[in-house]
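# A closer look at the structure
These are the residues of each chain, in order.
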Amino acid sequence: MALGRIDHFEPRPGPPPNDGFHRAVTDLLEEWSWPHRSETNPAVRIVGERRSPRTHELRDIFERYLVASAFYPADSKEGAEILGGTDRTAVRWPVLAMPDGRVLQDPSNEEVADAYAGADALPKGQSFDLVVVGGGPAGLAAAVYGASEGLSTLVVEGEAVGGQAGKSSLIRNYLGFARGVSGQRLARDAFHQAASFGAGFKLMRDAVGLRRKGEELAVALSDGTEVSGRAVVVATGASYRRLDVPELEALSGVGVFYGAATTEAAAMTGQEVYVVGGANSAGQAAIHLSKYASRVTLLARGDSLSARMSDYLVTQIEASENVRVRLGTRVVGGGGAGRLERLVLRDASTGRTETVPAAALFVLIGARPRTGWMPGEIERGEGGFVATGQDLTREGTAEGRSTRRPSLLMETSMPGVFAVGDVRYGSVKRVASAVGEGSVAIQQVHEYLSHI
Ligand SMILES: Cc1cc2nc3c(=O)[nH]c(=O)nc-3n(C[C@H](O)[C@H](O)[C@H](O)COP(=O)(O)OP(=O)(O)OC[C@H]3O[C@@H](n4cnc5c(N)ncnc54)[C@H](O)[C@@H]3O)c2cc1C
């Protein structure tokens, strides 16, 4: 597996009953069938202009929710059928035909979520014991433990459950999955697990504010509503750093992708593609893309891959015939007519620039915490990550605020607000540690609730 020569293995089944073996084969087939599914019977049909970034974004969201969608250009037969007699000049693109027959023009993410789920699926009420902001591994773990331990729990997720992990094609180092697990599968199962314990979900809504409201904490949402919790767990993770090359920013979603290698991989068949980054996520993206692209070039600024990448990935990259590595190289420019066609690379040692043809660029160069929505009173550590427990300054601690109790390990400077996973200063930035922090925080939520 380290050399990429085996996709999966399963021990030969022993004496009957062999249900474990059958289940493993079924899971494997299910995972295989999703990217190979036919587009003849999609749940959602999208009509619009080719290569529109918004269409890419919507398809990415549906993909991450495992909802089959298909795209039809506005001038296609299927497109015309969906539009019916609508006047094309007045249409706001893209147009979505939903499973219940509704046709939406340029809908917001909230409108898409409600139209797909139906208003009945939304949680009832606005007040909960626990509001979890962010539905990545850390938030889902907090929801599973919170809901299973009797707390009325609401998860607010701005995009798709699974967070960054949901974008990972294969997580090989998560405990209990000897052959690895796809991020989408882990996210979907964790989502169902949390829901089965009674956690409610508000999907495709961002938290945009947080304030104390008497004994409770109120979380303002991007749809203009507010939900409140006696405690709040912040699990908003991190997002990718951008390249800061304006001409490439303009091509985001049309050849330039931030971390979305899973969604776009099949479209790269026979293409020349580039991956920027020197850590594990870039290595995984390069390996995944190499199954489709004619050649993948991994660009790293440093002079060695092994400094920031796991050994198993470095070995796999070295063994891949169509993956080449260019160290000491930066992307400084690029462009194309409507989509990415070329990149400008600079060699750090010689300073020479070179223009190369490129069909796609996948950028995986580190992350920035998603804290823009949080009030200033929540202390941040280096890099803007949220400080908790022992990393709080004296003034930020509960003792500093004279609440007559010490700050809990994952509690922020705002009493009753906890931070877990990638957003937390000093966190390990792995699926397992995010899940661990999300689970552990619930014990601290109980402790906090017993104080108030
Ligand atoms: C491509 C890739 C491959 C990886 N591979 C591995 C691997 O093999 N092994 C491993 O251990 N780790 C891996 N990681 C790292 C791992 O995925 C992260 O450490 C982990 O996902 C962090 O979990 P989290 O819940 O803290 O944050 P995230 O996963 O970032 O989730 C945060 C969630 O919060 C939501 N959110 C953000 N702001 C708001 C807001 N204002 N309102 C509502 N919702 C909001 C986001 O949409 C997101 O869903 C990989 C990461 C990537 C990107």
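So, here is what we can say about the structure in this document. (Residues numbered from 1 in each chain as written. Predicted model: local features only at pLDDT ≥ 70, side-chain atom pairs only at ≥ 80, totals over all residues. Heavy atoms only, no water.)

### What about the pattern of salt bridges?
Pairs can form between side chains of opposite charge once their charged atoms are near each other. Evaluation of the coordinates by the stated rule reveals 14 salt bridges. A salt bridge links Glu57 to Arg54; the shortest N-O distance between them is 2.7 Å. Of this pair, Glu57 and Arg54 both sit in helix H2 (residues 53–64), three residues apart, which is roughly one turn of the helix. Across the pair Arg326 and Glu354 runs a salt bridge, and its minimum N-O distance is 3.0 Å. With Arg326 in strand E15 (residues 323–326) and Glu354 in strand E18 (residues 353–357), this residue pair connects regions lying 28 residues apart in the sequence. By relative accessible area, which is 31% here, Glu354 ends up partly exposed. (Salt bridge = Lys/Arg side-chain N within 4 Å of Asp/Glu carboxyl O. Helix = DSSP H or I, 4+ residues; strand = E, 2+ residues; numbered from the N terminus. Buried < 20%, exposed > 50% of the residue type's maximum accessible area, 1.4 Å probe, protein only.)

### Observations regarding the packing of helix H9 (residues 280–289) against helix H10 (residues 311–319)
Packing of H9 against H10 brings their axes to within 10 Å, and their N-to-C directions diverge by 35°. Judged by the twist between their axes, the crossing of H9 over H10 is left-handed. Along its contact with H9, which presents Asn280, Gly283, Gln284 and Ile287, the element H10 presents Tyr312, Leu313, Gln316 and Ile317. For the contact of H9 with H10, the residue count by class is four nonpolar, four polar and no charged. (Axes fitted to C-alpha atoms, helices over the stretch in contact; angles between N-to-C directions. Left-handed = near helix turned anticlockwise from the far one by under 90°. Contact = heavy atoms within 4.5 Å. Nonpolar A, V, L, I, M, F, W, Y, C, P; charged D, E, K, R; others polar.)

### Regarding the site of the ligand
The environment of the ligand is formed by 35 residues, the closest being Glu157, Gln164, Ala207, Tyr240 and Asp422. With respect to the ligand, the backbone of Ala165 contributes an N or O atom lying 3.3 Å from an oxygen atom. Considered on its own, the ligand offers 990 Å² of accessible surface; in the complex 94% of this is hidden by protein. Looking at the shell around the ligand, the elements with two or more residues in it are helix H5 (137–148), strand E6 (153–157), strand E11 (238–240), H9 and helix H11 (431–451). Taken together, the residues that form the shell around the ligand break down as 14 nonpolar, 13 polar and eight charged. (Near = heavy atom within 4 Å. Polar contact = N/O pair within 3.5 Å; in protein donor to acceptor, adjacent residues only side chain to side chain. Areas by Shrake-Rupley, 256 points an atom, 1.4 Å probe, with all protein chains shown as cover.)

### Let's talk about the nonpolar core
Counting residues in each nonpolar core, the largest one holds 45 residues, and the members touching the most others are Tyr65, Leu96, Leu130, Phe201, Val233 and Val445. Residue contributions to this core reach at least three from each of two domains, namely domain 1 (44–120) and domain 2 (122–239 + 367–451). Contacts of Val445, omitting those with residues within four sequence positions, involve Leu130, Leu151, Ala231, Val233 and Phe418. In terms of nonpolar packing, the next biggest core, distinct from the first, is built from 42 residues, Tyr240, Leu243, Leu251 and Tyr274 among them. (Core = buried A, V, L, I, M, F, W, Y, C linked by side-chain atoms within 4.5 Å. Domains from an automatic or database assignment.)

### Considering a positive patch on the surface
A grouping of Arg301, Arg308, Arg330 and Arg346 is seen on the molecular surface, where their side chains present a positively charged patch. Note that Arg330 resides in strand E16 (residues 329–335). (Patch = residues over 30% accessible without salt bridge, like charges linked within 9 Å, V, L, I, M, F, W, Y side chains within 5 Å. Lys, Arg positive; Asp, Glu negative; His and termini not counted. Charge placed at Lys NZ, Arg CZ, Asp CG, Glu CD.)

### Things to note about the environment of Asn18
Counting through the fold element by element, Asn18 comes out in the segment before helix H1 (19–33). When its relative accessible area of 24% is taken as the criterion, Asn18 is described as partly exposed. Taking C-alpha positions, Asn18 is 33 Å from Leu313, a pair spaced 295 residues apart along the chain.

### Regarding the packing of aromatic side chains
Enumeration over the complete set of coordinates arrives at four aromatic pairs. Ring geometry for Tyr174 against Phe177: centres 5.9 Å apart, planes inclined by 20°, an arrangement best described as stacked. Classification of Phe177 by relative accessible area gives partly exposed; the value is 29%. Seen from their ring centres, Phe418 and Tyr448 are 6.2 Å apart, and the 75° between their planes marks the pair as edge-to-face. Linking Phe418 in strand E21 (residues 417–419) with Tyr448 in helix H11, this pair joins segments that are 30 residues apart in sequence. The same class applies to Phe418 and to Tyr448, which are both buried. For the cation-ring pair, Lys429 lies above Phe385, with the distance from its terminal atom to the ring centre recorded as 4.4 Å. (Phe/Tyr/Trp six-rings, centres within 6.5 Å; stacked < 30°, edge-to-face > 60°. Lys NZ or Arg CZ within 6 Å of the ring centre and 35° of its normal.)

Nothing here speaks to function; it is geometry throughout.
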